[in-house]
Amino acid sequence: MACGGVILCNSFSFYQKRMVMSSRMQEKNYGASVPHVLSVAGSDSGAGAGIQADLKACAARGVYCSTVITSVTAQNTVGVQAVHAVPEDFVAQQLKSVLSDMQVDVVKTGMLPSVGVVKVLLQSLTEFSVRALVVDPVMVSTSGDVLAGPSILSTFREELLPMANIVTPNIKEASALLGGICLKTVADMRNAAELLHALGPRNVLLKGGDLPDSSDAVDIFFNGEHFYELRSSRIKTRNSHGTGCTLASCIAAELAKGSPMLTAVRVAKRYVETALEYSKDILIGNGIQGPFDHLLRLKSGSHSFHRKDAFNPSDLFLYAVTDSGMNKKWGRPMVDAVAAAIQGGATVVQLRDKDAETREFLETAKSCLAVCRSHGVLLLINDRVDVALASDADGVHVGQSDMPATVARTLLGPEKIIGVSCKTIEQAQQAWIGGADYIGCGGVYSTNTKANNPTIGLDGLKTVCSASKLPVVAIGGINASNAGTVMEMGLPNLKGVAVVSALFDRENVLAETKKLHALLMEASSSSKTQ
Ligand SMILES: Nc1ncnc2c1ncn2[C@@H]1O[C@H](COP(=O)(O)OP(=O)(O)O)[C@@H](O)[C@H]1O
Ligand SMILES: Cc1ncc(COP(=O)(O)O)c(N)n1
Ligand SMILES: [Mg+2]
């Protein structure tokens, strides 16, 4: 029986090395090491598969990925146009550079174009210990182009597979490794997985993405004792280029985080399925097989929806905060009220609904967002970071007992807008440190929309505005009778007023918004001339 996986051969020295290294680093206070996968694979210029897929998969799974490039392919969604192998001694140099310096947890292999490259890799693995080796025995691209010829097969079988903690062939690769046997059914796949296991890898995952006539995507996992049939529905999409590379990288990433093998495989399969489902309609390239979006960020067709500019403090000028109770009372859907406020001159809308069920809130957010986007007006969501993310609204507004701005910023990313309700200088300072874009300051006057909310008055507003490093919108009991007074004070950083009842607890939202807008225009021009 062969060695049976890197972990058994080298685990002691790995842990020893890691302990010495990390204590040295900690002494110097450089911080904690992170899970790390080294991908040894080919470059795909179209970036759907190969090294590029591995980098994206590891990034998506929260694992650092270093890369040793074995081959450079000129490739796109049509196929592989040319292959340029990296000289073997240069592959060796890359391996040495990475492994002699960085603490690699798991090595994942993809395209290994020659016997020499496999030998160089195996040599490095004897010099530098890692916890696990994931082998994706890439041979032929889905487009049918050869990435590693049949001369590689015996080295794979006799030298690489025995070192692997897991090998992840697709149907064609399994067939080639087993001398050309025919794989047509799940039963054939089980049989092949067992035969492959006998070659020495600790675990086998035989991927069935290309199994003919299967309505499910079925993979067979075999650990030498048990078979597991991993099934998911087959997603109808052309965008499946790089699924194999991604699956293997994700397995490596999960192993690097410390997951057991079967868990890593299950997570990886679920991840590929999720990414394919998300990306099923995106269009990149004109060939038959497109790449998918590993980071679940590319929104198909949504670019026409995007607002023109980043946050501009003058957007706070007339800030409409909705109230579902008021709109119900007046018998109008939220989206109509929002449309009327925008037509009347509202410059930003905040969707505030403390009672709605999540599904209903999300639907409302999506329909209001469509209206806001078509008018170039920002839509913020009160409190619910999840709803802001799910609807792709422009940001959130959080109160002092909601999610802290700094946590919301981590979840929402750098470009979403975050507003924080503040009553004091300290809270305003904290909002700034937490990465907020503006603060809402109040209640300036007393209001029915918020119970037990002490007012800070115009003096409190002035105190906070003077100290704030962020633009401020005044809130709380503001209406047509007092908005002028607030704006005419000409307070530093005060960019506008936020209004609830004065717009939405009225019969005619359009008329009320227009009135308030006109009044604010007049007040701000008179404060400028003072
Ligand atoms: N259309 C699909 N829907 C869902 N999962 C898929 C689909 N195509 C492939 N997969 C999954 O993606 C992974 C990679 O499989 P496969 O495409 O067979 O590998 P390769 O890219 O190496 O040919 C497997 O887990 C497989 O089940
Ligand atoms: C550099 C490189 N590595 C691997 C693959 C396999 O990916 P797929 O099976 O999705 O074509 C590829 N096409 N190119
Ligand atoms: Mg493949």
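Residues numbered from 1 in each chain as written. Chains lettered and ligands numbered in written order. Predicted model: local features only at pLDDT ≥ 70, side-chain atom pairs only at ≥ 80, totals over all residues. Heavy atoms only, no water.

Draft legend 1. Highlighting the site of ligand 2. In the vicinity of ligand 2 lie 13 residues, with Gly42, Gln75, Thr142, His241 and Gly242 positioned nearest. A distance of 3.4 Å separates an oxygen atom of ligand 2 from a polar atom in the side chain of His241. At 2.7 Å, a backbone N or O of Gly242 approaches an oxygen atom of ligand 2. Expressed as a share of its isolated accessible area of 360 Å², the protein-covered part of ligand 2 is 94%. (Near = heavy atom within 4 Å. Polar contact = N/O pair within 3.5 Å; in protein donor to acceptor, adjacent residues only side chain to side chain. Areas by Shrake-Rupley, 256 points an atom, 1.4 Å probe, with all protein chains shown as cover.)

Draft legend 2. Structural context of helix α12 (residues 358-374). Along its 17 residues, α12 runs 24 Å from first to last C-alpha, staying within 8% of the 24 Å computed at 1.5 Å per residue. When α12 is considered as a whole, its buried residues turn out to be Phe361, Leu362, Thr364, Ala365, Cys368, Leu369, Val371, Cys372 and Arg373. Buried residues along α12 sit in contact with α11 (334-344), β11 (348-351), β12 (378-382) and α13 (385-391). Gly376, located one to two residues past α12, shows a positive phi value of around 65°. (Helix = DSSP H or I, 4+ residues; strand = E, 2+ residues; numbered from the N terminus. Expected span 1.5 Å × (residues − 1). Buried < 20%, exposed > 50% of the residue type's maximum accessible area, 1.4 Å probe, protein only. Contact = heavy atoms within 4.5 Å.)

Draft legend 3. Just the site of ligand 1, in detail. In the neighbourhood of ligand 1, 15 residues make up the surrounding shell, with Lys207, Gly209, Asp219, Ile235 and Gly244 lying closest. One of the side-chain nitrogen or oxygen atoms of Lys207 is found 2.9 Å away from an oxygen atom of ligand 1. Thr243 is positioned with one of its side-chain polar atoms (N or O) 3.0 Å from an oxygen atom of ligand 1. Of all elements in the fold, only β8 (216-222), α8 (243-257) and α9 (261-279) reach the threshold of two or more residues within the shell around ligand 1. Residues that form the shell around ligand 1 fall into these classes: five nonpolar, five polar and five charged. (Nonpolar A, V, L, I, M, F, W, Y, C, P; charged D, E, K, R; others polar.)

Draft legend 4. The environment of Ile475, seen in detail. Position of Ile475 among the secondary structure elements: in strand β16 (residues 472-475). Of the residues examined, Ile475 reaches a relative accessible area of 27% and is grouped as partly exposed. When the C-alpha positions of Ile475 and Thr455 are compared, they lie 10.0 Å apart, and in sequence the two are 20 residues distant. Setting aside anything within four residues of it in sequence, one finds Ile475 in contact with Val321, Gly440, Cys441, Gly442, Gly443, Val444 and Ala498.

Draft legend 5. Structural context of α9. Relative to the 27 Å expected for 19 residues at 1.5 Å per residue, α9 spans 27 Å between its end C-alpha atoms, a close match to the ideal helical length. Among the residues making up α9, those that are buried are Met261, Ala264, Val265, Ala268, Lys269, Tyr271, Val272, Ala275, Leu276 and Ser279. Relative to the axis of α9, the buried residues are bounded by an arc of 160° and lie together on one face. Along its buried surface, α9 packs onto α2 (50-60), β6 (166-167), β7 (203-206), β8, β9 (227-233) and α8. (Arc of directions from axis to C-beta.)

Draft legend 6. Molecular detail of the sheet that holds β8. One open sheet accounts for nine strands, arranged β3-β2-β1-β4-β5-β6-β7-β8-β9; its pairing is mixed. Looking at the sheet topology across the chains shown, the edges are occupied by β3 (80-85) and β9. Pairing between strand β1 (residues 36-44) and strand β2 (residues 64-75): nine bridges, direction parallel. Bridging from a neighbouring strand, His36 pairs with Tyr64 of β2. Helix α4 (residues 115-127) contacts β1, β2, β4 (106-109) and β5 (132-135) of the sheet and is inclined by roughly 175° relative to β4. Strand contacts of α8: β1, β4, β5, β6, β7 and β8, with the helix running at about 175° to β4, the strand carrying the most contacts. (Pairing = 2+ DSSP bridges. Axes fitted to C-alpha atoms, helices over the stretch in contact; angles between N-to-C directions.)

Draft legend 7. Focus on the packing of aromatic side chains. In the structure shown here, the tally under the stated rule is four aromatic pairs. Between Phe222 and Phe227 the ring centres are 4.2 Å apart and the planes differ by 20°, which places this aromatic pair in the stacked class. The exposure class assigned to Phe222 is buried, which follows from its relative accessible area of 4%. Site record: aromatic cluster; members linked through ring pairs are Phe311, Tyr319 and Tyr438. Directly above the ring of Tyr271 sits Arg61, whose terminal nitrogen or CZ lies 5.8 Å from the centroid. The ring of Trp432 carries the charged tip of Lys469 above its face, separated from the ring centre by 4.5 Å. (Phe/Tyr/Trp six-rings, centres within 6.5 Å; stacked < 30°, edge-to-face > 60°. Lys NZ or Arg CZ within 6 Å of the ring centre and 35° of its normal.)

Draft legend 8. Representation of the confidence of the model for the protein chain within the structure. With 91% of its residues at a pLDDT of at least 70, the protein chain reaches an overall mean of 92. Confidence metrics for the complex model read pTM 0.85 and ipTM 0.95. (pLDDT = per-residue confidence, 0-100.)

Draft legend 9. Focus on the pairing of β7. By the alternation rule, side chains of β7 split into Asn203 and Leu205 and Val204 and Leu206, which are all buried. Two elements, β6 and β7, share two bridges in a ladder whose sense is parallel. Within the sheet, the bridge partner assigned to Ile166 lies in β7 and is Asn203. Where β7 and β8 come together, three bridges link them in antiparallel fashion. Paired with Leu205 across the bridge in β8 is Phe221.

Draft legend 10. Fine view of a nonpolar patch on the surface. A surface patch of nonpolar side chains, about 240 Å² in accessible area, is lined by Leu389, Val407 and Leu411. Within the secondary structure, Val407 sits in helix α14 (residues 405-412). We classify Val407 as partly exposed; its relative accessible area is 38%. (Patch = residues over 30% accessible without salt bridge, like charges linked within 9 Å, V, L, I, M, F, W, Y side chains within 5 Å. Salt bridge = Lys/Arg side-chain N within 4 Å of Asp/Glu carboxyl O.)

Draft legend 11. Quick peek at the pattern of salt bridges. Counted according to the given criterion, the structure contains 17 salt bridges. Of the charged contacts, one joins Arg409 and Asp437 as a salt bridge, the two residues approaching to 3.0 Å between their closest N and O atoms. Within this pair, whereas Arg409 is found in helix α14, its partner Asp437 is found in the loop between α15 (425-433) and β15 (438-442), the two being separated by 28 residues in sequence. For Arg409, a relative accessible area of 16% corresponds to the buried category. Between Lys515 and Glu512 there is a salt bridge, with the nearest N and O atoms lying 3.5 Å from each other.

Draft legend 12. Main features of the nonpolar core. Counting 75 residues, the largest nonpolar core has Tyr319, Leu379, Ile381, Ile418, Leu461 and Leu494 as its most contacted members. Counting residues in hydrophobic clusters, the runner-up holds 47 residues, among them Leu38, Val40, Leu133 and Val167. (Core = buried A, V, L, I, M, F, W, Y, C linked by side-chain atoms within 4.5 Å.)

Draft legend 13. Structural context of the pairing of β15. A large share of β15 lies buried, amounting to five of its five residues. Burial along β15 is two-sided: Tyr438, Gly440 and Gly442 facing one way and Ile439 and Cys441 facing the other are all buried. Bridge analysis of strand β14 (residues 417-422) against β15 gives four bridges, and the strand direction is parallel. Pairing of Val420 across the sheet is with Ile439, part of β15. Of the crossover connections in this fold, the one passing from β14 over α15 to the parallel β15 is right-handed. Alignment of β15 against β16, held across four bridges, turns out to be parallel. When the bridges of β16 are listed, Gly442 appears paired with Ile475. (Right-handed = clockwise from strand over helix to strand, strands pointing away.)

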